Amino acid sequence: EDQVTQSPEALRLQEGESSSLNCSYTVSGLRGLFWYRQDPGKGPEFLFTLYSAGEEKEKERLKATLTKKESFLHITAPKPEDSATYLCGLNNFNKFYFGSGTKLNVKP
Amino acid sequence: DGGITQSPKYLFRKEGQNVTLSCEQNLNHDAMYWYRQDPGQGLRLIYYSQIVNDFQKGDIAEGYSVSREKKESFPLTVTSAQKNPTAFYLCASSISGATGANVLTFGAGSRLTVL
(Lines give C-alpha, C1' and ligand atoms only; values in the text may rest on other atoms or scores of the structure.)
Protein backbone atom coordinates (compact mmCIF):
# COMPACT_ATOMS: atom_id res chain seq x y z
CA GLU A 1 0.00 0.00 0.00
CA ASP A 2 1.32 3.44 -0.92
CA GLN A 3 2.01 5.50 2.16
CA VAL A 4 3.60 8.78 3.20
CA THR A 5 4.63 9.47 6.81
CA GLN A 6 6.00 12.81 7.97
CA SER A 7 7.88 13.62 11.16
CA PRO A 8 7.88 15.42 13.45
CA GLU A 9 4.25 16.54 13.60
CA ALA A 10 5.35 19.91 14.94
CA LEU A 11 8.69 21.66 15.19
CA ARG A 12 9.61 24.81 17.09
CA LEU A 13 12.84 26.56 16.12
CA GLN A 14 14.53 29.76 17.10
CA GLU A 15 15.34 32.10 14.24
CA GLY A 16 18.63 30.95 12.71
CA GLU A 17 18.42 27.43 14.17
CA SER A 18 18.76 24.98 11.26
CA SER A 19 16.88 21.67 11.20
CA SER A 20 15.37 18.99 8.95
CA LEU A 21 11.90 17.63 8.29
CA ASN A 22 11.49 13.98 7.38
CA CYS A 23 9.20 12.26 4.87
CA SER A 24 9.24 8.45 4.74
CA TYR A 25 7.43 6.72 1.94
CA THR A 26 6.48 3.37 0.46
CA VAL A 27 5.24 3.26 -3.10
CA SER A 28 4.89 0.69 -5.83
CA GLY A 29 6.03 3.04 -8.55
CA LEU A 30 7.32 6.48 -7.68
CA ARG A 31 6.71 9.09 -10.34
CA GLY A 32 7.65 12.07 -8.26
CA LEU A 33 7.94 13.19 -4.64
CA PHE A 34 6.68 16.67 -3.82
CA TRP A 35 7.10 19.24 -1.11
CA TYR A 36 4.46 21.92 -0.53
CA ARG A 37 4.14 24.79 1.91
CA GLN A 38 0.72 25.59 3.38
CA ASP A 39 -0.15 28.72 5.33
CA PRO A 40 -3.19 28.65 7.67
CA GLY A 41 -6.49 28.78 5.79
CA LYS A 42 -4.83 28.69 2.37
CA GLY A 43 -4.14 26.15 -0.33
CA PRO A 44 -0.75 24.42 -0.51
CA GLU A 45 1.96 26.14 -2.51
CA PHE A 46 4.38 24.05 -4.58
CA LEU A 47 8.04 24.01 -3.52
CA PHE A 48 9.90 21.07 -5.10
CA THR A 49 9.58 17.88 -7.12
CA LEU A 50 12.18 15.10 -6.81
CA TYR A 51 12.20 12.11 -9.12
CA SER A 52 15.15 9.87 -8.30
CA ALA A 53 17.34 8.90 -5.36
CA GLY A 54 20.26 11.26 -4.92
CA GLU A 55 18.46 14.23 -6.39
CA GLU A 56 18.62 17.56 -4.52
CA LYS A 57 16.87 20.88 -5.07
CA GLU A 58 17.26 24.24 -3.35
CA LYS A 59 15.20 27.37 -2.96
CA GLU A 60 16.38 30.16 -0.70
CA ARG A 61 16.75 28.62 2.79
CA LEU A 62 15.18 25.30 1.79
CA LYS A 63 16.89 22.22 0.39
CA ALA A 64 15.11 18.97 -0.45
CA THR A 65 16.86 15.62 -0.82
CA LEU A 66 15.65 12.17 -1.80
CA THR A 67 16.69 8.58 -1.05
CA LYS A 68 14.91 5.36 -1.98
CA LYS A 69 12.90 5.39 1.25
CA GLU A 70 12.72 8.97 2.45
CA SER A 71 13.05 12.63 1.68
CA PHE A 72 14.36 15.45 3.85
CA LEU A 73 13.54 19.12 3.78
CA HIS A 74 16.49 20.97 5.27
CA ILE A 75 15.89 24.48 6.56
CA THR A 76 19.01 26.59 6.97
CA ALA A 77 18.93 29.63 9.26
CA PRO A 78 15.12 29.87 9.23
CA LYS A 79 13.24 33.14 9.63
CA PRO A 80 9.80 33.70 11.21
CA GLU A 81 8.27 33.95 7.72
CA ASP A 82 9.20 30.31 7.16
CA SER A 83 6.55 29.34 9.72
CA ALA A 84 3.98 27.16 7.96
CA THR A 85 2.91 23.55 7.53
CA TYR A 86 5.10 21.63 5.13
CA LEU A 87 3.45 18.79 3.23
CA CYS A 88 5.18 15.90 1.54
CA GLY A 89 3.41 13.97 -1.19
CA LEU A 90 4.06 11.49 -3.93
CA ASN A 91 2.70 10.77 -7.35
CA ASN A 92 1.89 7.20 -8.20
CA PHE A 93 0.48 7.10 -11.71
CA ASN A 94 -2.93 8.76 -11.51
CA LYS A 95 -3.01 9.63 -7.85
CA PHE A 96 -1.24 12.00 -5.51
CA TYR A 97 -0.82 10.94 -1.86
CA PHE A 98 0.10 13.28 0.98
CA GLY A 99 1.44 12.98 4.50
CA SER A 100 -0.16 14.76 7.46
CA GLY A 101 2.44 17.52 7.39
CA THR A 102 4.95 19.10 9.76
CA LYS A 103 3.87 22.35 11.39
CA LEU A 104 6.93 24.58 11.67
CA ASN A 105 7.01 27.54 14.06
CA VAL A 106 10.06 29.81 13.89
CA LYS A 107 10.36 32.26 16.77
CA PRO A 108 12.27 35.54 16.46
CA ASP B 1 -3.24 35.14 -14.37
CA GLY B 2 -3.87 31.43 -14.64
CA GLY B 3 -5.07 29.59 -11.59
CA ILE B 4 -7.80 27.76 -9.75
CA THR B 5 -10.80 29.54 -8.28
CA GLN B 6 -12.81 27.92 -5.52
CA SER B 7 -16.08 29.32 -4.22
CA PRO B 8 -17.46 30.00 -1.78
CA LYS B 9 -14.55 30.47 0.63
CA TYR B 10 -16.83 29.85 3.62
CA LEU B 11 -20.04 27.87 3.63
CA PHE B 12 -22.46 26.93 6.37
CA ARG B 13 -24.86 24.05 6.00
CA LYS B 14 -27.69 22.71 8.06
CA GLU B 15 -27.86 18.99 8.65
CA GLY B 16 -29.71 17.19 5.88
CA GLN B 17 -28.84 19.72 3.20
CA ASN B 18 -26.78 19.14 0.08
CA VAL B 19 -24.23 21.80 -0.83
CA THR B 20 -22.11 22.28 -3.94
CA LEU B 21 -18.56 23.64 -3.95
CA SER B 22 -17.36 25.25 -7.14
CA CYS B 23 -13.94 24.75 -8.73
CA GLU B 24 -12.87 26.48 -11.94
CA GLN B 25 -9.42 26.45 -13.57
CA ASN B 26 -8.01 28.39 -16.51
CA LEU B 27 -4.72 26.49 -16.71
CA ASN B 28 -5.90 24.21 -19.52
CA HIS B 29 -5.16 21.23 -17.27
CA ASP B 30 -6.71 17.87 -18.10
CA ALA B 31 -6.79 16.40 -14.59
CA MET B 32 -8.68 17.79 -11.61
CA TYR B 33 -8.92 16.61 -8.01
CA TRP B 34 -10.86 17.18 -4.80
CA TYR B 35 -9.20 16.73 -1.40
CA ARG B 36 -10.51 17.01 2.11
CA GLN B 37 -8.30 18.32 4.94
CA ASP B 38 -9.10 17.92 8.62
CA PRO B 39 -7.06 19.46 11.47
CA GLY B 40 -3.85 17.53 12.05
CA GLN B 41 -4.49 15.25 9.10
CA GLY B 42 -3.11 15.07 5.62
CA LEU B 43 -4.99 15.61 2.41
CA ARG B 44 -7.41 12.80 1.62
CA LEU B 45 -8.53 12.27 -1.97
CA ILE B 46 -12.29 12.39 -2.55
CA TYR B 47 -12.62 12.22 -6.36
CA TYR B 48 -10.44 12.84 -9.38
CA SER B 49 -11.01 13.28 -13.09
CA GLN B 50 -8.48 12.87 -15.88
CA ILE B 51 -10.74 13.86 -18.73
CA VAL B 52 -14.09 15.46 -19.42
CA ASN B 53 -17.11 13.26 -18.67
CA ASP B 54 -15.02 10.78 -16.69
CA PHE B 55 -14.11 10.64 -12.99
CA GLN B 56 -12.99 8.10 -10.39
CA LYS B 57 -13.55 7.66 -6.69
CA GLY B 58 -10.71 8.43 -4.34
CA ASP B 59 -10.18 7.07 -0.86
CA ILE B 60 -13.15 8.79 0.84
CA ALA B 61 -15.84 9.21 -1.86
CA GLU B 62 -18.83 8.12 0.23
CA GLY B 63 -21.31 10.97 0.71
CA TYR B 64 -19.83 13.05 -2.12
CA SER B 65 -20.60 13.41 -5.83
CA VAL B 66 -18.91 15.21 -8.72
CA SER B 67 -19.41 16.04 -12.38
CA ARG B 68 -16.99 16.98 -15.17
CA GLU B 69 -19.02 18.41 -18.02
CA LYS B 70 -16.38 20.98 -18.98
CA LYS B 71 -12.60 20.80 -18.93
CA GLU B 72 -12.30 23.87 -16.71
CA SER B 73 -14.96 22.95 -14.13
CA PHE B 74 -15.14 20.21 -11.48
CA PRO B 75 -17.88 20.92 -8.88
CA LEU B 76 -18.17 18.84 -5.72
CA THR B 77 -21.51 18.16 -4.03
CA VAL B 78 -21.47 17.27 -0.36
CA THR B 79 -24.64 15.28 0.20
CA SER B 80 -26.64 14.68 3.35
CA ALA B 81 -25.21 11.16 3.37
CA GLN B 82 -21.79 12.51 4.38
CA LYS B 83 -21.74 11.94 8.15
CA ASN B 84 -19.10 14.46 9.11
CA PRO B 85 -18.78 17.07 6.37
CA THR B 86 -17.20 19.88 8.40
CA ALA B 87 -13.75 20.29 6.86
CA PHE B 88 -11.50 22.32 4.57
CA TYR B 89 -11.96 21.31 0.93
CA LEU B 90 -9.21 21.78 -1.64
CA CYS B 91 -9.51 21.56 -5.40
CA ALA B 92 -6.42 20.93 -7.49
CA SER B 93 -5.43 20.37 -11.09
CA SER B 94 -2.49 19.00 -13.05
CA ILE B 95 -1.53 18.92 -16.72
CA SER B 96 -2.32 15.23 -16.98
CA GLY B 97 -2.94 12.53 -14.41
CA ALA B 98 -1.21 9.91 -16.49
CA THR B 99 2.36 11.16 -16.70
CA GLY B 100 5.10 11.52 -14.11
CA ALA B 101 6.06 15.10 -14.92
CA ASN B 102 3.19 16.48 -12.93
CA VAL B 103 2.69 19.19 -10.38
CA LEU B 104 -0.54 19.76 -8.52
CA THR B 105 -1.78 23.33 -8.47
CA PHE B 106 -4.21 24.04 -5.64
CA GLY B 107 -7.02 26.50 -5.17
CA ALA B 108 -7.39 28.60 -2.02
CA GLY B 109 -9.88 26.17 -0.46
CA SER B 110 -13.45 26.21 0.80
CA ARG B 111 -14.28 25.80 4.47
CA LEU B 112 -17.57 24.00 5.09
CA THR B 113 -19.19 24.07 8.51
CA VAL B 114 -22.27 22.07 9.43
CA LEU B 115 -24.49 23.82 11.94
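A quick note: this is a predicted structure, and the numbers were derived from the prediction, not measured.

With that settled, consider the environment of Gln50 of chain B. All names here are of chain B. In this fold, Gln50 is placed in strand β5 (residues 43–51). For Gln50, a relative accessible area of 23% corresponds to the partly exposed category. Separated by 46 residues in sequence, Gln50 and Ser96 place their C-alpha atoms 6.7 Å apart.

This brings us to the pairing of strand β9 (residues 87–94) of chain B. Residue and element names in this part refer to chain B. With 8 of 8 residues buried, β9 is to be regarded as a mostly interior element. In β9, alternate side chains face the same way, and those of Ala87, Tyr89, Cys91 and Ser93 on one face and Phe88, Leu90, Ala92 and Ser94 on the other are all buried. Sheet analysis places strand β4 (residues 31–37) next to β9, joined by 7 bridges and oriented antiparallel. Bridge assignment links Met32 to a residue of β9, and that residue is Ser93.

Mapped onto the elements, Leu87 of chain A comes out in strand β9 (residues 84–92). If sequence neighbours within four positions are ignored, Leu87 of chain A has contacts with Gln6, Phe34, Trp35, Tyr36, Gln38, Pro44, Phe98, Gly99, Ser100 and Gly101 of chain A together with Leu43 of chain B.

Listed as interface residues are 21 residues of chain A and, on the opposing side, 26 residues of chain B. Summed over both sides, the interface of chain A with chain B buries roughly 1800 Å², with 53% coming from carbon and sulfur. Counting every contact that joins chain A to chain B gives 0 salt bridges. In this assembly, chain A and chain B are joined by 3 residue pairs in polar contact (both at pLDDT 80 or more). Listed by contribution, the elements that provide at least two residues to the side of chain A that touches chain B are β4 (33–38), β5 (45–50), β9 and β10 (95–98) of chain A. In terms of residue count, β10 of chain A provides more of the side of chain A that touches chain B than any other element does, 4 residues in total. Grouping the amino acids of the side of chain A that touches chain B by side-chain chemistry returns 10 nonpolar, 8 polar and 3 charged.

For the rest of this paragraph, the subject is the packing of aromatic side chains. Residues and elements named next belong to chain B. Following the criterion strictly, the structure yields 13 aromatic pairs over all chains and no others. Their ring planes at 15 degrees and their centres at 6.2 Å tell us that Tyr33 and Tyr48 sit as a pair that is stacked. Highlighted residues: Tyr33 in strand β4 and Tyr48 in strand β5, separated in sequence by 15 residues. The exposure classification of Tyr33 matches that of Tyr48, with both residues buried. Both rings, one in Tyr35 and one in Phe106, keep their centres 6.1 Å apart while their planes meet at 50 degrees; by these two values the pair is tilted.

Cut-offs used in this document
Here the residue numbering is sequential within each chain, running from 1 through the sequence in written order. The lettering of chains begins at A and the numbering of ligands begins at 1, in the order of writing. With pLDDT at 70 or above as the cut-off, local features in this predicted model cover only qualifying residues; side-chain atom pairs require 80 or more to be listed or tallied, and sums for whole chains, interfaces and linings still use all residues. Side-chain numbers come from the whole structure's heavy atoms, not from hydrogens or water. A run of H or I in DSSP becomes a helix once it reaches four residues, and a run of E becomes a strand once it reaches two; helices and strands are each numbered from the N terminus. When a residue's accessible area, from a 1.4 Å probe over protein chains only, is under 20% of the maximum for its type it is buried; when over 50% it is exposed; and in between it is partly exposed. Think of it this way: DSSP has to see at least two bridges between two strands before they count as a pair. We call two residues contacting when some pair of their heavy atoms lies within 4.5 Å. We define buried area as the total accessible area lost by two parts upon association, computed with a 1.4 Å probe and summed across both. A side-chain nitrogen of Lys or Arg and a carboxyl oxygen of Asp or Glu constitute a salt bridge if their distance falls within 4 Å. Within 3.5 Å is the distance limit for a polar contact, defined as a pair of N or O atoms, with the added protein rule that one can donate a hydrogen and the other accept it, and that residues adjacent in sequence qualify only through two side-chain atoms. Note on residue categories: nonpolar means Ala, Val, Leu, Ile, Met, Phe, Trp, Tyr, Cys or Pro, charged means Asp, Glu, Lys or Arg, and polar means any other residue, Gly included. Centres within 6.5 Å are what make two rings of Phe, Tyr or Trp a pair, Trp counting through its six-membered ring; a difference in plane orientation under 30 degrees is then read as stacked, over 60 as edge-to-face, and the rest as tilted.

So, to be careful, I would describe these as geometric facts and stop short of saying anything about function.
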